[in-house]
Amino acid sequence: MSRYFIEVSYNGTKYSGFQVQENAVTIQSEVENALRTCFRKPFDLTGASRTDAGVHALQNYFHFDSDDDVFYSTGNLNNQKSLQQALYSLNSILPGDIAIKRLFKVADKTHCRFDALSRQYKYYIYQKKSPFLKDTAYFYPYKLDFEKLQEAAAIILRTENFAAFSKRNTQVNNFTCSVYKSEWHKKNNLTFYEVIANRFLRGMVRGLVGTMLKVGTAKISLNEFTEIIESKNCTNADFSVAACGLYLTKVNYHKL
């Protein structure tokens, strides 16, 4: 048996999240269906980073184990030409809002979830109505104090326990995260938040963004923002921002 990684990108608007679910169409179910159709056998995929319904990804990964025989129909996967044939076949089966960018062999014990060193997310906001952004960014037509947003983002860098920004019904053993980057940016009429951490809790980025927006609109002070963090109570945070503005932009590994 050999292990393979799939690098995938997707617009999550029409999907019920990343991981396979009963009676729901997800990114995983679509990719598994494409593999099954292409190679005429079932595949059991493991995902690197779960994203919620409506969330997008520029880069995410699956891995699976399989006999090299499965690739004989398109040639040997170690051959560059046959790799391109496999990618072409899979992408022709997948819907237009999901794309496989790479399919490649890795060391047998490489794990797309547990071997990831960090993950990067961005959350995009637009403040002037645009029909071209409604499914790919969050419309927030309120005046924002950008300096206050940056100050709130800097507080996150000094935080270790993110229980206040984890939705209920999570299965994690602890709420400790190491955040390496936390910044707000402006570009091309968009305002976006960028965060990199070793791990993320359920709903964490949207909770951070929604609560920081309350700082940026003077609904709460920076001291109150700090108190929300220290409360370790998710009922104090704001998770109401839409999924459409959130992107998983990169999953980092030591070597692939």
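The structure this text deals with has already been given above.
Engineer: Pulling in residues and values, what's your account of the packing of aromatic side chains?
Structural biologist: For any pair of aromatic rings, the description rests on two quantities: the centre-to-centre distance and the angle between the ring planes. For the coordinates displayed, the defined rule picks out 19 aromatic pairs. With a centroid separation of 6.3 Å and an interplanar angle of 45°, the aromatic rings of phenylalanine 165 and phenylalanine 225 are classed as tilted. Residue phenylalanine 165 is found in the loop between helix H3 (146–157) and strand E7 (179–187), and its partner phenylalanine 225 is found in helix H5 (residues 222–231); the two are separated by 60 residues along the sequence. Site record: aromatic cluster; members linked through ring pairs are Tyr4, Phe39, Phe43 and Phe64.

Engineer: Tell me about the pattern of salt bridges, and name the residues and values.
Structural biologist: Under the defined criterion, the tally for this structure stands at five salt bridges. Residue aspartate 65 is joined to arginine 3 by a salt bridge in which the shortest nitrogen-to-oxygen separation is 2.7 Å. Of this pair, aspartate 65 sits in strand E3 (residues 56–66) while arginine 3 sits in strand E1 (residues 2–10), and the two are 62 residues apart along the sequence. Judged by its relative accessible area of 12%, arginine 3 falls in the buried class. The salt bridge partner of aspartate 135 is lysine 134, with a shortest N-O separation of 3.4 Å. Residue class for aspartate 135 comes out partly exposed when judged on its relative accessible area of 35%.

Engineer: Break down the pairing of E1 for me, citing the residues and quoting the values.
Structural biologist: Of all nine residues in E1, nine are buried, a share of seventy percent or more. By the alternation rule, side chains of E1 split into Ser2, Tyr4, Ile6, Val8 and Tyr10 and Arg3, Phe5, Glu7 and Ser9, which are all buried. The sheet contact formed by E1 and E3 spans eight bridges and is antiparallel. Each residue of the ladder has a partner; that of tyrosine 10, found in E3, is alanine 57. Strand direction decides the pairing type here: E1 and strand E4 (residues 98–106), joined by eight bridges, are antiparallel. Residue pairing for E4: arginine 3 is matched across the bridge by valine 106.

Quick notes on the rules
Residues numbered from 1 in each chain as written. Predicted model: local features only at pLDDT ≥ 70, side-chain atom pairs only at ≥ 80, totals over all residues. Heavy atoms only, no water. Phe/Tyr/Trp six-rings, centres within 6.5 Å; stacked < 30°, edge-to-face > 60°. Helix = DSSP H or I, 4+ residues; strand = E, 2+ residues; numbered from the N terminus. Salt bridge = Lys/Arg side-chain N within 4 Å of Asp/Glu carboxyl O. Buried < 20%, exposed > 50% of the residue type's maximum accessible area, 1.4 Å probe, protein only. Pairing = 2+ DSSP bridges.

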